[in-house]
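Summary of structural features
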Amino acid sequence: MIPLDGKTELDLARHGMRACRQAKMAALGLPVPEGVVLSAKAVAEIAATGQVPAIPKTLLKGLLSLRASPLNPDWGGPTAILNIGISDSTLPDVGAQEAHRLYRRFIQNYAFSVDGLEAEAFDIDMPDGPERVKRCKASYLAEMEEDFPQSPEAQLKACILHMARAWNRPSARILRQAKGAPVESGMGLIIQRMALGIGRGITGSGVAQMVDDKTGAPRLWGRYLPQSQGQDALIGGRKAQGLEALPKTIQDQLRAHGQVLSKGFGDAFQVEFTLDNGQLWLLDAQPAKRGSVAALRINVDLAKAGVISRNDAILRTEPQALGEHLHPQIAANGPRDILATGLSASPGAATGHVVFTPEAAMTMAAQGQPAILVRVETGADDIRGIHAASGVLALRGGMTSHAAVIARGLGVPCIVGADEMRLEDDRLICPDGRRLKDGAQITVDGTTGQVLFGAAEMTQPSLDGPFKTLMGWADEVRDLKVRANADTPDDARLARRFGVDGIGLCRTEHMFFAPERVQVMRQMILAADATARWAALERLLPMQKADFVELFEIMRGQPVTIRLLDPPLHEFMPVDEAGIAALAQAMGMSAVQVARRAEELSEVNPMLGKRGVRIGITMPEIYEMQARAIFEAAAQVFASTGDAVVPEIMIPLVSANREVELIKARVEAVAARLGGMVAYKLGVMVETPRAALRAGDLAQSSAFLSFGTNDLTQMTYGLSRDDAGRFMREYVQQGVFAEDPFHSLDVEGVGELLLIAAQRGRAANPELELGMCGEHGGDPASVRFCKVAGFDYVSCSPYRVPIARLAAAQASLLAALPT
Ligand code: PEP
Ligand code: MG
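As a starting point, this report considers the structure included with it. Bear in mind that the values here come from a model prediction, so they are computed numbers and not experimental data. (Residues numbered from 1 in each chain as written. Chains lettered and ligands numbered in written order. Predicted model: local features only at pLDDT ≥ 70, side-chain atom pairs only at ≥ 80, totals over all residues. Heavy atoms only, no water.)

Observations concerning the overall build of the protein
What the protein contains, in helices and strands, is 30 helices and 30 strands. Projected onto the principal axes, the alpha-carbon positions of the protein cover approximately 110 × 65 × 50 Å. Relative to its full complement of 819 residues, the protein shows a buried share of 53%. Contacts spanning at least 24 positions in sequence make up 67% of the contacts within the protein whose residues lie at least 6 apart. Working note: accessible area of the protein is about 34500 Å², and carbon and sulfur atoms make up 52% of it. (Helix = DSSP H or I, 4+ residues; strand = E, 2+ residues; numbered from the N terminus. Buried < 20%, exposed > 50% of the residue type's maximum accessible area, 1.4 Å probe, protein only. Contact = heavy atoms within 4.5 Å. Areas by Shrake-Rupley, 256 points an atom, 1.4 Å probe, with all protein chains shown as cover.)

Dropping the structure here:
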């Protein structure tokens, strides 16, 4: 048995977390009650042999507690037993009634846990006092056919044996193995003098935390219950008080102890304490409870105080948790037309148009429109919809429901459990009778759980303070650049606020979905010949150029990668009669002719059909118009601002180098026609396995390769990115995929293609830049992969830029660690 005297250091792998912490607290000079520790090995022997070693005589005076110290606190352990040693002749000096209450509680607890008796056998309805104790002892005698043990040593040994055996019970083993504990996981035991918490003077127990759990700011708070011990202050029943109820001197002592703990352990803490006639004892300390906003501030404050290093602060902050810092909130004093209230499942607020299906959310997003996905509850099929939506409203479900978990993970504001609302006939029915159809504008406030009608007034998040400090530190250590996937000026502005290093993917098709443009686009698509096509393109050119001027101005001084048109053209065609009629009129054609042409464009397998560079090769005028718009815009911005813009033109869905050569020749011809006034880079989007394998060829015609891992994952698995949701949950549940490969890069398969491409590409062209612009660019594990693979940048949606910046910094720090 090892004394908890502050002189002997304990070992986590032998004595468990709680014992090690207590030993260190004692070594730091904190007031920890005297005690001894049994190692996990000793406990295992006790369980096996039934023999408990002799207890030091000095300890067997006064009352004791016995607590579990599992090697990993997540593995649980039997409940602590308090007040061991109480007997007819050792009643504590705390007043007769209290002493008898403690004695009676101990008999009940002992009988229940050590002897496995039914608690009801001791349910005696009378006030605490000698008579009630007598009746309890009589019940014990009746049940056990022996007297309640009066020797403190016998009581303690029985308790130790009970705890040792409880740890090894099959049910306990199964439970902790389910939590990942190894088969032979162990538990130490702590035998410690009781700080009674009951008696004269300022006496009681509680829990104190030194920092605010929401903001992370220094603040002493917690619960305190006079005349109590153990978990009394935490579990219901008698009302606990706030710590302000304690004398200031004790509050100051708690704060001072908190500082010692923080310095000694390198973290902010919560302590379990007991007061015995004004004397403060610390019984345990655990890392302070904290939400993700608080966690970031705590890490920054610890680093500023020199308790941990800046690098530790970076490594300790969970990149995904930054989402909470990034979202707009509803203006504090703005009007709120509340439709209903649910649970605030994922913070931040978002306004958008009601959609009832994930497909509709994706369509909205593709058109650059914000959508609020409204579902009764969500499932695996909805993940893509949640991804595409600006906000989520699930009428059922709790904080750990599918919608809540996924939305939090993606940083999408979300409300769940809004069960006053109903879905009926494709209408969202509100408790006051309002019926909203799809397209209606609502706001979800994921911070308060309120669903509001219309567009609420928003305040943008403050990206200053600890957030800015941490991100600044992260930027100092990362060398992987983080760009944004930004299609609109709003996206670009947002990305800049989030500290982006450029735009890695501007999907130009999104610029053509606006109503006044899509009609011209359709005329271009339906044009009978190149002349007619040029006429429509001439009208699109100034619009496209204006888009690029705005983007280049916002992104001044930073790279902007513009992807030439990618989607199959049928996506631009009207599907309803009214749309067809309007187009027919604009083109001087009959509705039947238009419908027939649209029909001709439809493909059996459009995602593998005439899209991407295949459009550029077969209808070259479109890419020529786009190249011209890019060059003219760059020249205009240079002329007006003096800042050189070096646009990066990206060719999608390439599979052969000849495609690149053909497009490159056309783009060069456009540049030459404009007098070669703009420097630019031309690169390829690697989205097909063939492009990855032939990266050596492509690198000869390209300044950069950007991996479109959405399509590359789709094509590598032969798995439709739009349909995978139908079975992905089962696949992950059954362990076919460790994770959805569309969310976190499949490093084994798709990752190998990336590595092959990187190696072959760089061998052919050492100057070749490498980037990733699929959704994976905002996934921390995928970002780490890109760093290790030697990429230059990742590109992700604006809200995920800070996440990627932090993940990139962590990747740099981890890469620098000795292996
Ligand atoms: C990709 O395929 O990874 C990509 C970024 O392009 P998109 O998602 O537009 O197909
Ligand atoms: Mg793609």
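Quick word on the coordination of the magnesium ion (ligand 2)
The protein atoms donating to the magnesium ion (ligand 2) are E687 (OE) and D711 (OD), with metal-donor distances spanning 2.0 to 2.1 Å. A residue pair is termed long-range when its members are at least 10 positions apart, and E687 in the loop between β27 (681-686) and α24 (689-693) and D711 in helix α26 (residues 709-717) qualify at 24 residues. Accessibility classification places E687 together with D711 in one group, the buried group. (Donors = N, O, S within 2.8 Å, 3.2 Å for Na, K, Ca; no water.)

Focus on helix α15 (residues 465-477)
Between the first and last C-alpha of α15 there are 19 Å, a value that for 13 residues agrees with the 18 Å anticipated at 1.5 Å per step. Buried within α15 are the following residues: F467, L470, M471, W473 and A474. Along α15, the residues classed as buried sweep out an arc of 155 degrees about the axis, all on the same side. Away from the buried face of α15 by more than 90 degrees, exposed residues K468 and E476 are located. The inward-facing, buried residues of α15 abut α9 (292-304), α10 (310-316), α11 (323-326) and α30 (801-816). (Expected span 1.5 Å × (residues − 1). Arc of directions from axis to C-beta.)

Considerations on the packing of aromatic side chains
Evaluated as defined, the whole model comprises 15 aromatic pairs. An aromatic cluster is built from Y103, F106, Y110, Y140 and F148, whose rings are joined through pairwise contacts. One Lys or Arg, R176, reaches over the ring of W167 and ends 3.7 Å from the middle of that ring. Here R483 stacks its cationic end above the ring of Y793, 3.9 Å away from the centre of that ring. (Phe/Tyr/Trp six-rings, centres within 6.5 Å; stacked < 30°, edge-to-face > 60°. Lys NZ or Arg CZ within 6 Å of the ring centre and 35° of its normal.)

Thoughts on the nonpolar core
Grouped together as the largest cluster of nonpolar side chains are 121 residues, with contacts concentrated most on F552 and F791. Tallying contributions element by element places helix α22 (residues 620-641) first for this core, with eleven residues. V36, L63, L161 and M187 belong to the second-largest nonpolar core, a separate cluster that totals 48 residues. (Core = buried A, V, L, I, M, F, W, Y, C linked by side-chain atoms within 4.5 Å.)

Notes on the site of ligand 1
Lining the immediate environment of ligand 1, one finds L505, R507, R563, M685, E687, G708, T709, N710, D711, R721, C773 and G774. Residue R507 places a side-chain N or O atom 2.7 Å away from an oxygen atom belonging to ligand 1. Within the complex, the protein chains bury 94% of what would otherwise be the 290 Å² of accessible surface of ligand 1. Elements that contribute at least two residues to the shell around ligand 1 include exactly β24 (503-507) and α26. (Near = heavy atom within 4 Å. Polar contact = N/O pair within 3.5 Å; in protein donor to acceptor, adjacent residues only side chain to side chain.)

Describing the pattern of salt bridges
Counting across every chain of the model gives 52 salt bridges. Of the charged contacts in the structure, one is a salt bridge between R628 and E538, with a shortest N-O distance of 3.8 Å. Linking R628 in helix α22 with E538 in helix α18 (residues 530-554), this pair joins segments that are 90 residues apart in sequence. The exposure class of E538 is partly exposed, given its relative accessible area of 40%. A salt bridge links R673 to E624, with the nearest nitrogen and oxygen atoms 3.9 Å apart. With R673 in helix α23 (residues 657-673) and E624 in helix α22, the pair connects residues that are 49 residues apart, well separated along the chain. (Salt bridge = Lys/Arg side-chain N within 4 Å of Asp/Glu carboxyl O.)

What about the side chain of S706?
Relative to the elements of secondary structure, S706 occurs in strand β28 (residues 704-707). Since its relative accessible area comes to 0%, S706 is described here as buried. The contact partners of S706, leaving out residues within four places of it in the chain, are M650, V684, M685, V686, G771, M772, C773 and Y793.

A word on unusual backbone geometry
A negative phi angle is the norm for most residues apart from glycine, just as the trans form is the norm for most peptide bonds. At Q227, a residue that is not glycine, the phi angle is positive and equals roughly 50 degrees. Here Q227 is to be found in the loop between β7 (218-226) and α8 (248-265).

Describing the environment of D432
Structurally, D432 can be placed in the loop between β18 (427-429) and β19 (435-437). Residues D432 and L745 lie 313 residues apart in sequence; the distance between their C-alpha atoms is 46 Å. Separated by 2.9 Å, the side chains of D432 and R434 make a polar contact.

Focus: a nonpolar patch on the surface
Taken together, the side chains of L315, L814 and L817 present a nonpolar region at the surface, about 250 Å² in accessible area. With respect to the secondary-structure elements, L814 resides in helix α30. A relative accessible area of 41% places L814 in the partly exposed class. (Patch = residues over 30% accessible without salt bridge, like charges linked within 9 Å, V, L, I, M, F, W, Y side chains within 5 Å.)

Examining the sheet that holds β7
Pairing in this open sheet of four strands is antiparallel, and the strands run β7-β6-β8-β9 from one edge to the other. Edge positions in the sheet fall to β7 and β9 (279-287), since each of these pairs with one other strand and no more. Along the sheet, successive strands turn relative to each other by an average axial angle of 20 degrees, direction set aside. Contacts from α8 reach β6 (204-211), β7, β8 (269-276) and β9 within the one sheet, and its direction differs from that of β8 by about 140 degrees. (Pairing = 2+ DSSP bridges. Axes fitted to C-alpha atoms, helices over the stretch in contact; angles between N-to-C directions.)

Some points on the packing of helix α19 (residues 577-587) against helix α20 (residues 591-601)
Taken N-terminus to C-terminus, the directions of α19 and α20 make an angle of 110 degrees; their axes are 8 Å apart at the nearest point. Judged by the inter-axis angle, α19 sits roughly perpendicular to α20. For the pair formed by α19 and α20, the contact residues are I580, L583 and A584 on the first element and A591, V594 and A595 on the second. Each residue belonging to the contact of α19 with α20 can be placed in one class, and the counts come to six nonpolar, no polar and no charged. (Parallel < 35°, antiparallel > 145°, perpendicular 65-115°, else oblique. Nonpolar A, V, L, I, M, F, W, Y, C, P; charged D, E, K, R; others polar.)

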